[in-house]
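So you can see what is in the structure, the chains are spelled out below.
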Amino acid sequence: MSSESPTDRASRRTRILSNHLTTSDLQVGGNSLQSNICLSYSPPELHEKIEFEVRKMRELLDVHNLRDRDWLFGLMMQSKLFNPQEKGGKVFVMPDFNHTKEQQREMTMKRIEYLLERGVFDGWLTTRGPETEMRKFAFMETLGIFDQSLAIKIGVHFFLWGGAIQFFGTKRHHDKWLRDTETYRIKGCFAMTELGHGSNVRGIETVATYDPKTDEFVITTPCESAQKYWIGGAANHATHTVVFSQLNINGRNQGVHAFIVQLRDFDGNICPNIRIADCGHKIGLNGVDNGRIWFDNVRIPRENLLNSVADVTPDGQYKSAIQDPDQRFAAFLAPLTSGRVTISLSAIYSAQIGLAIAIRYALSRRAFSFVPNEPEVLLLDYPSHQRRLLPLVAKTYAMTCAGNYLKKMYVKRTPESNKTIHVVSSGFKAVLTWHNMRTLQECREACGGQGLKTENQVGHLKGEYDVQSTFEGDNNVLMQQVSKALLGEFIAAKKKNKPFKGLGLEYMNEHWPVIPSQLTSDILRSSNFQITALRLRERDLLNRFAAEMSQHQSNGVNKEYAFALGYQLAEDLGRAFSDRIIFETFLNDEGTVSTGPMKDAVGKLRSLYALTCMEEDAAFLRYGYLSTEKAAAVRAEVAKLCSELRPHALGLVSSFGVPSAFLSPIAFNWIDSNAWSSSSA
């Protein structure tokens, strides 16, 4: 070819182009290449078989107040306030992501007023009992499925401000504030976090000094780092707040206490000696008006001290039934438990939305083919796509059951169970919110370019839920709190030579668990093997953590610094504890399911959850709980379970019970929703 003249080369190229232009039917391998037929949308319901009752599976997941949830879904779908939009022949309700933060905030308040007028909040603060609390949880979960800003705004008002009045206040506060809070005559917020102190609440710098001459407390922001920061509701709407301050009595600091302070009058004017600034635009939750607050010697009546834990007499005497300052401080953190519970639950419902969208899309979107000239393959028929999404479905099922367990524990709480609730809610808040963010990212990628569109929810949810990893407690700090509590139980049991009791550690009174020498498929799917492996990890990590702390302290390191040095084992132990509790709750719920297709599906999900925990945590290899050969067997079984759960995929995400209007266009007819006729241009 190198000897070909320029003229010959030009002639040859002309003949080739001529053949392309004049040949009407090009033969390749005996087959004619013809124009492809345009793609059409095929609903998954037409080709996917659901072998169990979706309603029954939803009952396993949602457990309580299903009618109340569906009523509230309907209430939102009825109103134009919830931004209904028609796409691809279906109506979707979705947040106003094209609006400014100012518009989003005002729309959030209008939605709250709409819900208030229709009785959604009746009894939330003025009626007590487990039934009322479970109904409140159900409504919060449902509202969060529509818009996390709406749920957060309501949660701050009822769970934080209202919860502080309930827990920290006494009858005089309940009578004065709760009814007006429930009717939104008063709009409350919760001023704990400061610019200089977030997780370290004990170190906050706002000061409350008692003045016996006037029978008042004087609230002061002594420096810029003491400004209250990220206070939801403060920037625009809150009329009152609970302020956490260091209490100064006669020159002596009595520690952190809570006070009621009015921020605005009922016309919305900011009160004297108070300065409020906006926190600005955020990566998510712009429907919540986060603000900053400075107090310039603000005087409040002595009665505004929330005094269930401690009080101050008119002559300035400090009184408390809890003499230990550490125990007294712990009592002031009680409302944060409800916050961690609601955050954990909302994270799981967010993961459900992401998975429902991504899996429905993967059951209708096709790409490439396994055989030439054959139809393209559904995304979820690729083993790699199954491997990306189905373990996350299994985790979401397990964590949904764990969230229900946490709710029940919380509404039945007693003084004796408060410590357990604190530890479990801390662990769950960290693990469940981390899981949600990972799930949303995987779902975003699994939806390809469509996942980038805000209307398709998944990418938008990432920004809305990102904050969950740090508010109401930084996840890494919470994991350390879990490990510190476990270490305390370990040391107490060893010192007193008494059996372990509490936090589910009773299994540590038995012989060390042993992993079988051979891991067959049947053994890997055995709940006995799975709980053995998860307990072995937790038990060994706790022993290692205790030994490391002891070694540091024997070398002269103080207790707190020793704990800081042991952060790696602390986080590993916190996750091991949380994984084990989640597994046990899932296993217990599986036991309530009757034999049949649903039980088979739940059993596979339980196995996939447990084996995924083993595969993902390097501790199983690092400390020799599994050999490399056994770890390989676990990995192979995970892939096999994904393949077996593939036929159940539609049924599993349909059982989340999220109405189609609260999903997104790509979960349904993504071709029509992107058609020219659907364009707003």
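Everything quoted here is computed from the prediction, not taken from an experiment.

So, the overall build of the chain
The number of helices and strands found in the chain is 22 helices and 17 strands. Relative to the 2.2 N^0.38 estimate, which gives 26 Å for 681 residues, the radius of gyration of the chain is 29 Å and therefore close to what a compact globule would have. Seen along its three principal axes, the alpha-carbon backbone of the chain occupies a region of about 110 × 65 × 60 Å. Counting the 681 residues in the chain, one finds 54% classified as buried. In the chain, once contacts between residues fewer than 6 apart in sequence are set aside, the share between residues at least 24 apart is 74%.

Concerning the UniProt feature "binding site: FAD" (unreviewed entry) in the chain
According to UniProt, the feature "binding site: FAD" (unreviewed entry) maps to Thr193 and Gly232 in the numbering used here. Across 40 residues of sequence, these annotated residues stay compact in space, with a maximum C-alpha separation of 10.5 Å. With respect to the helices and strands, threonine 193 occurs in the loop between β5 (188–191) and β6 (207–211). Overall, the relative accessible area of 29% leaves threonine 193 in the partly exposed class. Each residue touching threonine 193, except ones within four places of it in the same chain, is listed here: Gly198, Gln227, Lys228, Tyr229 and Ile231. Looking at where glycine 232 falls in the secondary structure, it is placed in strand β8 (residues 228–232). Dropping the residues within four chain positions of it, glycine 232 is found in contact with Val156, Cys189, Val288, Asp289 and Asn290.

Quick word on the UniProt feature "active site" (unreviewed entry) in the chain
UniProt annotation of "active site" (unreviewed entry) refers to Glu472 when read in the numbering used here. Relative to the helices and strands, glutamate 472 is located in the loop between α13 (458–465) and α14 (475–496). Beyond its immediate stretch of four places on either side in the chain, glutamate 472 contacts Leu160, Leu336, Gly339, Arg340, Ile343, Lys429 and Leu478.

Examining the packing of helix α6 (residues 130–146) against helix α7 (residues 148–168)
Following both chains from N to C, one finds α6 and α7 inclined at 150 degrees, their axes separated by 6 Å at the closest point. Judged by the inter-axis angle, α6 sits roughly antiparallel to α7. Where α6 abuts α7, its residues Lys136, Phe137, Met140, Leu143, Gly144 and Phe146 lie against Gln148, Leu150, Ala151, Ile154, Gly155 and Phe159. Within the contact of α6 with α7, the residues separate by chemical class into eight nonpolar, three polar and one charged.

Some points on the pattern of salt bridges
Enumeration according to the criterion identifies 50 salt bridges in this entry. The shortest N-O distance in the salt bridge between arginine 69 and glutamate 141 comes to 2.7 Å. Taken together, the positions of arginine 69 in helix α4 (residues 66–78) and glutamate 141 in helix α6 put the pair 72 residues apart, joining distant regions of the chain. Grouping residues by exposure puts arginine 69 and glutamate 141 together as buried. Taking the shortest distance from any N to any O, the salt bridge between glutamate 455 and lysine 87 comes out at 3.3 Å.

A closer look at the sheet that holds β8
The strand order β8-β12-β11 describes an open sheet built from three strands, whose pairing is antiparallel. The strands lining the two open edges of the sheet, one partner per strand, are β8 and β11 (274–278). Between one strand and the next, the sheet's axes are offset by a mean angle of 35 degrees, whatever the strand orientation. Where β11 lies against strand β12 (residues 290–295), five bridges are found, and the strand directions are antiparallel. Each residue of the ladder has a partner; that of arginine 275, found in β12, is tryptophan 294.

Cut-offs used in this document
- Residues numbered from 1 in each chain as written.
- Predicted model: local features only at pLDDT ≥ 70, side-chain atom pairs only at ≥ 80, totals over all residues.
- Heavy atoms only, no water.
- Helix = DSSP H or I, 4+ residues; strand = E, 2+ residues; numbered from the N terminus.
- Rg over C-alpha atoms; globule rule 2.2 N^0.38 Å.
- Buried < 20%, exposed > 50% of the residue type's maximum accessible area, 1.4 Å probe, protein only.
- Contact = heavy atoms within 4.5 Å.
- UniProt positions renumbered as here; feature names shortened; annotations may be inferred.
- Axes fitted to C-alpha atoms, helices over the stretch in contact; angles between N-to-C directions.
- Parallel < 35°, antiparallel > 145°, perpendicular 65-115°, else oblique.
- Nonpolar A, V, L, I, M, F, W, Y, C, P; charged D, E, K, R; others polar.
- Salt bridge = Lys/Arg side-chain N within 4 Å of Asp/Glu carboxyl O.
- Pairing = 2+ DSSP bridges.

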